[in-house]
Amino acid sequence: MNAAAPIQTQDDAIAVQPPLPVRRLHNFIYCPRLFYYQWVENLFEENADTIAGSTVHRNVDKPSSFADEKQAALVEGLPEGARLRSLKLESIALGLVGVIDLIEGAGDDDIPGLDSPRSVEVIDYKKGSAKRGANGERVAKESDAVQVMAHALLLEEEGTRVTRGWIYYAEDKRRVPVELTPKLREQTLQSLAAAKAQAASGHCPPPLVNDPRCLYCSAYPICLPNESRWWAAGFEEKQEDAQMALVFEGWKERRVGFQLAGPGGDGERGPKTRATADEGVRAPIKEAPRPDGDAGEILVVQTPGAQVGQRGDMFTVSIKGEVVQKMPGHQLRAIYVYGAVQLTAQAVQTALELDIDVSYFSPAGRFLGLLRGLPTSGVDARMGQYEFFQKPVIRLRLAREIIRAKIHNQRVLLMRNGDAPASVLKRMAELRDGVAEVEDLTVLLGYEGMAAAFYFEHFTSMLKGRGEAWKFDFQGRNKRPPRDPVNALLSLAYSMLAKELTGVIHAVGLDPFLGFLHQPRYGRPALALDLMEEFRPLIADSVVISLINRGELGVDDFVRSANGTFLKDAGRRAFWEGYFRRMDTEVSHPEFGYKMSYRRMLEVQARQLWRYLRGEAAGYHGFTTR
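Residues numbered from 1 in each chain as written. Predicted model: local features only at pLDDT ≥ 70, side-chain atom pairs only at ≥ 80, totals over all residues. Heavy atoms only, no water.

Engineer: So what's going on with unusual backbone geometry? Residues and values would help.
Structural biologist: Although it is not a glycine, S86 sits at a positive phi angle of roughly 50°. Here S86 is to be found in strand β2 (residues 83-91). One non-glycine residue, K320, lies in the positive phi region at around 55°. Along the chain, K320 turns up in the loop between β13 (314-319) and β14 (322-328). (Helix = DSSP H or I, 4+ residues; strand = E, 2+ residues; numbered from the N terminus.)

Engineer: Explain the sheet that holds β14 residue by residue, including any values.
Structural biologist: Spatially, the four strands line up as an open sheet ordered β14-β13-β12-β16, and their pairing is mixed. Sheet topology places β14 and β16 (342-343) at the edges, where each strand pairs with a single neighbour. The sheet strands contacting helix α11 (residues 345-353) are β12 (307-311), β13 and β16, and the helix crosses β12 at an angle near 70°. (Pairing = 2+ DSSP bridges. Contact = heavy atoms within 4.5 Å. Axes fitted to C-alpha atoms, helices over the stretch in contact; angles between N-to-C directions.)

Engineer: Give a detailed account of the packing of helix α3 (residues 32-40) against helix α7 (residues 182-201), specifying residues and quantitative values.
Structural biologist: Any two packed helices are characterised by the angle at which their axes cross and by the distance between the axes. At a minimum axis separation of 10 Å, α3 and α7 run at an interaxial angle of 65°. In this structure, α3 crosses over α7, and the sense of that crossing is right-handed. Facing F35, Y36, W39 and V40 of α3, the residues of α7 in contact are A195, Q198 and A199. A class-by-class count of the residues in the contact of α3 with α7 yields six nonpolar, one polar and no charged. (Left-handed = near helix turned anticlockwise from the far one by under 90°. Nonpolar A, V, L, I, M, F, W, Y, C, P; charged D, E, K, R; others polar.)

Engineer: Tell me about the pattern of salt bridges, and please be specific about residues and values.
Structural biologist: Taken as a whole and judged by the stated rule, the model has 23 salt bridges. Two residues, D172 and R138, come together in a salt bridge whose shortest N-O distance is 3.4 Å. You can see D172 sitting in the loop between β7 (162-169) and β8 (174-178) and its partner R138 sitting in strand β6 (residues 138-139), a full 34 residues away along the chain. Among the charged side chains, a salt-bridge network with shared partners connects R33, E41, R614 and E616. (Salt bridge = Lys/Arg side-chain N within 4 Å of Asp/Glu carboxyl O.)

Engineer: Quick rundown of the state of the cysteines? Include the residues and the values.
Structural biologist: Scanning the entire structure with this criterion turns up zero disulfides. No disulfide involves C31; its nearest neighbouring cysteine sulfur is the one of C217, lying 6.3 Å away. C223 supplies the cysteine sulfur nearest to C214, a cysteine that is in no disulfide, at a spacing of 6.1 Å. (Disulfide = S-S within 2.5 Å.)

Engineer: Tell me about the environment of V504, residues and numbers included.
Structural biologist: Turning to its location among the elements, V504 is positioned in helix α16 (residues 485-508). According to the relative accessible area criterion, V504 is buried, its value standing at 15%. A sequence separation of 101 residues divides V504 from Q605, and the C-alpha atoms of the two residues are 9.8 Å apart. (Buried < 20%, exposed > 50% of the residue type's maximum accessible area, 1.4 Å probe, protein only.)

Engineer: Give a description of the packing of α16 against helix α18 (residues 536-549) that names residues and reports values.
Structural biologist: With their axes 9 Å apart at the nearest point, α16 and α18 run at an angle of 140° to one another. Compared by their axis directions, α16 and α18 come out oblique. At the point where α16 passes α18, the crossing takes the right-handed sense. Judged by residue contacts, V486, L489, L490, A493, Y494 and L497 of α16 engage R536, I539, A540, D541, V544 and I548 from α18. For the contact of α16 with α18, the per-class residue count stands at 10 nonpolar, no polar and two charged. (Parallel < 35°, antiparallel > 145°, perpendicular 65-115°, else oblique.)

Engineer: Just give me the short version of the sheet that holds strand β11 (residues 297-301), but keep the residues and values in it.
Structural biologist: Hydrogen bonds along the backbone pair up the strands of a sheet, which may run parallel or antiparallel. As summarised here, the arrangement of the four strands in space is β11-β15-β17-β18, forming an open sheet in which the pairing is mixed. The open sheet is flanked by β11 and β18 (367-371), the only strands paired with a single partner. Strand-to-strand twist across the sheet, computed as the mean angle between neighbouring axes with direction ignored, equals 20°. Of the pairings in the sheet, the one linking β11 to strand β15 (residues 332-338) comprises five bridges and is parallel in character. Counterpart to E297 in the pairing with β15 is L332. Lying over the sheet, helix α19 (residues 569-583) contacts β11 and β15, oriented at roughly 150° with respect to β15.

Engineer: Account for the nonpolar core, with residues named and values stated.
Structural biologist: If you look at the biggest cluster of nonpolar residues, it comprises 88 residues, and the most contacted ones within it are F459, L510, F575, Y579 and L609. Top contributing element to this core by residue count: α16, with 14 residues. Counting 35 residues, the second largest nonpolar core, distinct from the first, contains V22, L84, L153 and L184. (Core = buried A, V, L, I, M, F, W, Y, C linked by side-chain atoms within 4.5 Å.)

Engineer: Summarise the packing of aromatic side chains; cite the residues concerned and give the values.
Structural biologist: As enumerated under the stated definition, the model contains 20 aromatic pairs in all. Relative to F35, the ring of F28 has its centre 5.3 Å away and its plane inclined at 80°; by these criteria the two rings are edge-to-face. For F35, a relative accessible area of 0% corresponds to the buried category. Aromatic ring contacts, followed pair by pair, group Y336, Y338, F361, F575, W576, Y579 and F580 into a single cluster. (Phe/Tyr/Trp six-rings, centres within 6.5 Å; stacked < 30°, edge-to-face > 60°.)

The structure is reproduced here in C-alpha cells:
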C-alpha cells in the first residue's frame with residue numbers, strides 16, 4: 001500500500017517563497033492589495049510618481065565598488081563620513097533581500113559607552129514629503145520607517161552595527177530621523193511574516209475604502225478600488241446556483257458588512273472601517289479612473305516596401321532607403337503595419353522594451369497578429385477562466401449578458417440615427433429582455449440572429465442621402481470577401497476592434513483564445529470576439545455611419561474586383577482618422593456615470609471580467625449606452 005502524500009501547509013508554502021524584497025515589504029505596509037499585485041502577480045504600472053521616484057534615486061543607485069577590503073571595513077565599521085551606495089544584501093534566515101540606498105559611517109565619539117567596531121547609519125531616499133507629528137515636526141511615515149528597519153536587519157546579519165536610520169524626503173529637501181527601537185524591530189518582523197503569509201494564501205486582499213492613498217497609487221488602473229467594491233457587491237438577485245457564488249472571502253452577500261482597510265488620516269494604514277453595501281460599497285463613483293497608457297500616438301505604415309527602423313530613441317520609417325518619418329519611442333503607443341512592410345530587429349527589440357504593440361494586417365486590412373512582450377502574470381484569472389469554461393451555467397450567463405448588451409446598443413443606434421418603425425424597436429426590446437430567460441446557448445444565438453436581422457434590415461436608414469452607390473444588402477452580412485463598400489468598411493472596423501480587444505485581454509492577463517459565447521477555434525481570439533459584441537454598434541458601426549454621412553469617404557476610395565471590395569490607401573487613411581476619433585470619444589459609464597474614452601472603456605470592461613474570473617466580482621455587466 002502506498003503511503004499517503006504529504007499535505008502541504010501554508011508554512012511549507014512560505015518556506016519555498018523566494019526572498020522578499022524590502023521594497024515589497026514597504027508596499028505591504030502601504031497597502032496589502034498593492035503588495036499582492038506587485039509581488040505575487042507581478043503586475044506593475046508606471047505613473048508620474050514612480051518615474052519621479054526613480055529620478056530621486058538616480059544618484060544613490062550608482063553602486064559603489066565593493067572590494068574585499070570594503071566588505072571587511074563594513075563589518076568593522078565605516079569611518080565617520082565614509083559612504084557606500086546602492087548596496088544589495090540578502091538574508092537567508094530572514095528570507096529578505098534589499099538594496100540600501102546609502103550607508104554612512106557614524107561618528108561614535110559623541111555616543112558614550114560605544115566600543116569598536118564603529119557603527120553605521122542607513123539612509124533611504126523618498127520622492128515625497130514627511131508626515132507631520134503632533135507638534136508640527138517632521139516624522140517618517142510608517143512604511144518608510146519599516147523599510148529602514150528592514151535594511152538595518154540585513155546589515156546586522158552581515159555583522160554590521162546600525163545605530164540610526166534616516167529618510168531623505170526630496171520634496172522637503174531634508175533628512176528625517178528614524179529611531180531603531182525594539183518596538184519598530186518587532187513591527188518589522190511581524191509585518192515580514194504577515195506579508196509572506198498573505199503571498200502564500202493565494203487570496204488578493206480587498207481594496208481600501210475611500211482612502212487618499214489610492215489617488216497616488218501606480219496600481220490604480222489595475223486595482224480600480226471603487227469599481228471593484230461595486231462589482232463585488234453583486235446583483236440585486238440572489239445567486240441560487242452554487243457555481244455562481246464565487247466571490248472572494250468576506251464578500252459573499254451584498255448586505256453583509258465588509259471588513260476592509262480604512263483610510264488613515266496621516267496617509268498610513270488606518271483603523272479598519274466597517275462598510276456596508278449602502279455605505280461605500282454602492283456609493284456613487286464620481287471620478288473616472290486615471291488613464292493607463294492612453295497617452296501616445298499610433299504609427300500606421302502601409303506603403304509596400306517600407307521599413308520601420310530605430311535610431312537612438314527614434315523610430316524611423318524609410319522608403320527605398322530614404323527616411324520619410326521619425327517619431328520618438330516614448331510618444332508611441334502602437335505601430336500598425338499593412339502588407340509588405342518590414343521591421344528591423346532593433347525596432348522589434350525596442351518596441352518590446354517600451355511596451356509598444358506592433359499589429360500586423362493584410363493589405364486588405366485583415367488582422368493577422370500582434371507582437372508584444374510577455375503577458376502579466378494573470379495566473380488566478382486564467383485558472384478561473386479555464387475552470388469557468390467547463391461550467392455551462394456560467395458560460396450561458398456570461399453569453400446572455402453579452403447578447404443583452406449587444407441588442408440594447410443596436411437598438412439605441414437605430415433610435416439615434418435611423419428610421420426603424422416603432423414595431424421593430426419594440427420587438428428588439430422584447431428580444432433584449434427575453435435573453436435573461438434563455439436556458440440554452442443555441443436558443444440564445446437565435447435571439448441574437450433575429451435582432452441582427454432587424455438591425456441590418458434598417459441599417460441603410462442610418463446612411464443619410466448617400467444614394468444607390470452606398471446601397472447596403474440587408475439580406476445578410478458578406479465578409480469573406482466583402483462585396484460592397486459598406487460591408488468592406490464594417491469588416492475593416494470589426495477587424496480593428498477585434499485587434500484592440502485582443503491586445504487589451506492579453507494585457508490584463510486573460511487568454512484571448514478561450515471565450516464563453518464564441519467557441520474556441522484555432523487562431524480565433526474567441527474572448528476578444530465575446531467582449532467585442534457589446535461594442536460593435538457603438539464603435540465599429542458608428543465609425544462606418546459617420547464616415548459615410550460626413551462624406552469623408554467616396555465610392556472612388558474603393559477597389560472593386562472579383563476578389564471583393566477593399567479600400568485604397570487614401571481611403572484607409574480616412575478610415576483611420578474616423579476610427580481614432582471614435583476611440584477617443586468620451587462616453588458615460590452606464591453604472592458609474594463618469595466619462596472616459598471608448599479606448600479606456602474597453603480596458604475597464606476587460607478588468608471587470610478579469611475580476612469575475614478571479615472570484616472578486618459577483619457577475620459581469622455588459623457596457624450599454626442610452
